[in-house]
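Structural overview for review
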Amino acid sequence: DDDHELTILNTIIFNCFVFCQIFNEMNARDLTKINVFGKGFFGNRLFLGIIAISCVFQVIIVEFFGRGASVASLSWKQWLISVGIAAITLPMGVVVKLLPVGGKGAWSIFQDGEGEGKQNYLEKRVTELENELGELKDKMAEILATKAK
């Protein structure tokens, strides 16, 4: 039946989208590392728990809430195809990290002119934002003082 085949196709697309998001979460954990499965990946239980829960909920939605979620149950082959297509996100993340940004690797966006590392960059940015917040508080105080008169 054509409607069922269309629902299967839409479910595979939906499944690919969800698993692309999950794989992208892995890629986005650290923008400076090519190997996202390296040191610290399997030690972060919270992150692994979130990934596992996301995968389990996806299986539950597709396999048990078909009509309510406008999806159809997939065969093992269809599951493997959709997750396999989504897994392309992992090597794509490597390619993006290798693209030059200003003549350097993408991770160089976390370095300033003196070659400071990511941590120093972030500390500097936090200080800048705190200063901006202080200025906004001062302006707000001026406005409130003016209105109080």
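These figures come from a predicted structure and were not determined experimentally. (Residues numbered from 1 in each chain as written. Predicted model: local features only at pLDDT ≥ 70, side-chain atom pairs only at ≥ 80, totals over all residues. Heavy atoms only, no water.)

Once that is clear, we can look at the packing of helix α1 (residues 2-28) against helix α2 (residues 45-64). Contact geometry for α1 and α2: axes closest at 11 Å, N-to-C directions at 180°. On the basis of the axis angle, α1 is roughly antiparallel to α2. Touching T11, F14, N15, V18, F19, I22, E25 and M26 of α1 are F47, I50, I51, S54, C55, Q58, I61 and V62, all from α2. Split by residue class, the contact of α1 with α2 holds 11 nonpolar, 4 polar and 1 charged. (Axes fitted to C-alpha atoms, helices over the stretch in contact; angles between N-to-C directions. Helix = DSSP H or I, 4+ residues; strand = E, 2+ residues; numbered from the N terminus. Parallel < 35°, antiparallel > 145°, perpendicular 65-115°, else oblique. Contact = heavy atoms within 4.5 Å. Nonpolar A, V, L, I, M, F, W, Y, C, P; charged D, E, K, R; others polar.)

Turning to the side chain of N15, a few remarks are in order. Of note, N15 is situated in helix α1. Relative accessible area serves as the criterion here: at 0%, N15 is assigned to the buried category. For N15, the contacting residues outside a window of four places in its chain are Q58, V62, L74, W79 and S82. (Buried < 20%, exposed > 50% of the residue type's maximum accessible area, 1.4 Å probe, protein only.)

We now examine the packing of aromatic side chains. Going through the model one piece at a time under the given rule, you end up with 4 aromatic pairs. Plain terms: the ring middles of F41 and F42 are 4.8 Å apart, the flat faces sit at 85° to each other, and that makes the pair edge-to-face. By relative accessible area, which is 3% here, F41 ends up buried. Judged by centre distance (5.7 Å) and plane angle (75°), the ring pair of F41 and F47 falls under edge-to-face. Comparing F41 with F47 shows no difference in burial state: the two are buried. (Phe/Tyr/Trp six-rings, centres within 6.5 Å; stacked < 30°, edge-to-face > 60°.)

Okay, the environment of E5 next. Looking at the element boundaries, E5 is found in helix α1. Residues E5 and A72 lie 67 residues apart in sequence; the distance between their C-alpha atoms is 9.1 Å.

Look at α1 against helix α5 (residues 89-98): their axes get within 9 Å of each other, and the N-to-C directions meet at 40°. Here α1 is positioned oblique relative to α5, judged by the angle of their axes. Seen along the crossing, α1 lies across α5 with a hand that is right-handed. On α5, the residues that touch C20, F23, N24, M26 and N27 of α1 are T89, L90, G93 and K97. (Left-handed = near helix turned anticlockwise from the far one by under 90°.)

Position of T89 among the secondary structure elements: in helix α5. The spatial distance from the C-alpha of T89 to the C-alpha of E25 is 10.0 Å, given a sequence separation of 64 residues. Apart from the residues lying within four places of it in its own chain, the contact partners of T89 are C20, F23, N24 and N27. There is a polar contact of 2.7 Å between the side chain of T89 and the backbone oxygen of A86. (Polar contact = N/O pair within 3.5 Å; in protein donor to acceptor, adjacent residues only side chain to side chain.)

So, about the confidence of the model for the protein. Chain-level pLDDT for the protein is 83 on average; 86% of the residues reach the 70-or-more range. By mean pLDDT, helix α3 (residues 66-69) is the weakest element of the protein at 76, and helix α4 (residues 76-86) is the strongest at 95. (pLDDT = per-residue confidence, 0-100.)

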